[in-house]
Amino acid sequence: MKLNAYMQLAHYAAHDEHSRGRRYQENKPAYRSEFQRDRDRIVHSTGFRRLMYKTQVFVNQEGDLYRTRLTHSLEVAQIARTIARALNLNETLTEAICLAHDLGHTPFGHAGQDALNECMREYGGFEHNLQSLRIVDELEERYAEFNGLNLSFETREGILKHCSLKNARLLGDVGERFIKREQPSLEAQVANLADEIAYNNHDLDDGLRAGLISLEDAKESPVFNAQYISVMQKYPTLSGRRLVSEVIRRMIDQVVTDMVDTSRQAIAQAAPESIDAVRQADKPLIQLSAEMQEQHIALKRFLRERVYRHYRVLRMTNKAHQVVESLFTKFMQAPELMPPEHQQAATRLQQELGDAGRARAVADYIAGMTDRYAVLEHERIFDPAKRS
Ligand code: MG
């Protein structure tokens with residue numbers, strides 16, 4: 001059914017022939033669209049491979065079955081592609097944004113990000129969204145002619161989900177929308193909401209798997225409970241992992257369906273003539289219904305209280321904080337302890353920007369670490385019994 005409709009891009013979608021282009025001009029790819037090229041560059045990047053060993057909520061060593069940043073990014077892409085396709089948006093651009101959206105995350109999830117942000121307070125702060133952009137614009141070293149991956153404007157626009165006004169002013173074209181209070185493309189809006197849908201559901205799943213919460217606890221969440229009741233009505237003897245998976249699968253299906261239906265209506269009502277009209281709309285057109293939005297917020301609250309603040313998670317985040325903070329302090333004092341390429345970056349940025357430049361080079365080095373690399377580096381620097 002409607003196979004042709006799937007392939008037809010809406011006129012307000014991002015069309016690669018109307019892209020605002022790349023920072024460095026390049027020849028058109030022979031067999032791919034511009035956004036396919038972006039997606040492929042992201043998949044081949046070093047930053048992407050590092051996501052495999054970066055924490056989402058549970059530190060990598062805790063078990064092999066928990067989400068990492070990599071599997072999280074793949075789940076976000078899967079959810080977002082479904083939605084993009086259903087709304088006749090550019091699926092490939094959506095996928096590229098999703099795969100790149102967490103490239104700038106530090107080791108140890110949000111604990112690492114908070115710690116690094118505190119360390120960087122006097123030097124311009126640390127925002128992981130901005131760092132994702134910095135990776136694709138500056139830090140990847142793969143091409144002869146430019147730093148970074150030289151992605152299209154539309155992919156970079158989607159990667160920069162949030163940004164302070166102060167930083168927006170320094171960013172040129174991709175920063176402008178934060179100053180003008182405009183929206184990003186619909187593809188970026190889909191990626192943004194799909195991110196929340198993915199982590200809400202998989203953090204609940206991982207929380208159950210880790211035993212931080214029980215099935216009884218999860219039933220306190222109304223969205224979980226509603227699906228739980230309908231699964232039990234149909235399959236009264238179902239239990240264990242299969243029961244949890246069946247409930248969460250239905251939760252995702254319900255929220256995705258709501259998002260497609262609600263957004264379709266909002267788009268029809270606003271009737272944007274082009275992607276620029278989407279950008280100028282006073283609010284995002286990709287939305288959840290009011291009822292679903294409320295449930296979504298309740299689930300977030302439940303996770304914050306019962307999973308993210310569980311003492312076992314807090315013990316882990318406490319350690320993460322210490323590792324990041326002590327590495328930062330030490331490398332700031334003694335940049336010569338960093339590997340040569342990071343020392344060189346520190347010297348170069350110190351010359352350009354003073355101490356804030358040196359701090360940025362240290363933050364780049366730490367943010368790029370995987371969980372296990374950060375732990376190992378901490379031992380090499382501070383444990384006299386370890387080889388340096
Ligand atoms: Mg994410």
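As shown above, the structure is provided for reference.
I will try to describe carefully the structure that is included in this document. The shown structure was predicted, so the numbers you read here are calculated from the model rather than taken from an experiment.

1. So, the packing of aromatic side chains
Reasoning step 1: For the structure shown, the criterion picks out five aromatic pairs.
Reasoning step 2: Here the aromatic rings of Tyr24 and Phe146 are separated by 5.7 Å at their centres, their planes lie at 10°, and the arrangement is stacked. Here Tyr24 is found in the loop between helix H1 (3–7) and helix H2 (34–43), whereas its partner Phe146 is found in the loop between helix H7 (128–139) and helix H8 (153–159), with 122 residues between them in sequence.
Reasoning step 3: Under the relative-accessibility criterion, Tyr24 is labelled partly exposed at 38%.
Reasoning step 4: Ring geometry for Tyr365 against Tyr373: centres 6.3 Å apart, planes inclined by 80°, an arrangement best described as edge-to-face.
Reasoning step 5: Its relative accessible area of 30% is what places Tyr373 among the partly exposed residues.
Reasoning step 6: Three or more aromatic residues joined by ring pairs make a cluster, and in this case those are Tyr24, Tyr143 and Phe146.
Reasoning step 7: A cation sits over an aromatic face here: Arg41 above Tyr143, 4.7 Å from the ring centre.
Reasoning step 8: Over the face of the ring belonging to Tyr373 we find Arg380, whose NZ or CZ atom lies 5.3 Å from the ring centre.

2. A closer look at the coordination of the magnesium ion
Reasoning step 1: Coordination sphere of the magnesium ion, protein contribution only: His72 (NE2), His101 (NE2), Asp102 (OD) and Asp195 (OD), at 2.1 to 2.6 Å.
Reasoning step 2: One chain supplies every donor to the magnesium ion, and in sequence these donors are spaced H-x28-H-D-x92-D. Residue His72 is found in helix H4 (residues 69–86), and its partner His101 is found in the loop between helix H5 (91–100) and helix H6 (109–119); the two are separated by 29 residues along the sequence. The same class applies to His72 as to His101, namely buried.

Conventions and cut-offs
Residues numbered from 1 in each chain as written. Predicted model: local features only at pLDDT ≥ 70, side-chain atom pairs only at ≥ 80, totals over all residues. Heavy atoms only, no water. Phe/Tyr/Trp six-rings, centres within 6.5 Å; stacked < 30°, edge-to-face > 60°. Helix = DSSP H or I, 4+ residues; strand = E, 2+ residues; numbered from the N terminus. Buried < 20%, exposed > 50% of the residue type's maximum accessible area, 1.4 Å probe, protein only. Lys NZ or Arg CZ within 6 Å of the ring centre and 35° of its normal. Donors = N, O, S within 2.8 Å, 3.2 Å for Na, K, Ca; no water.

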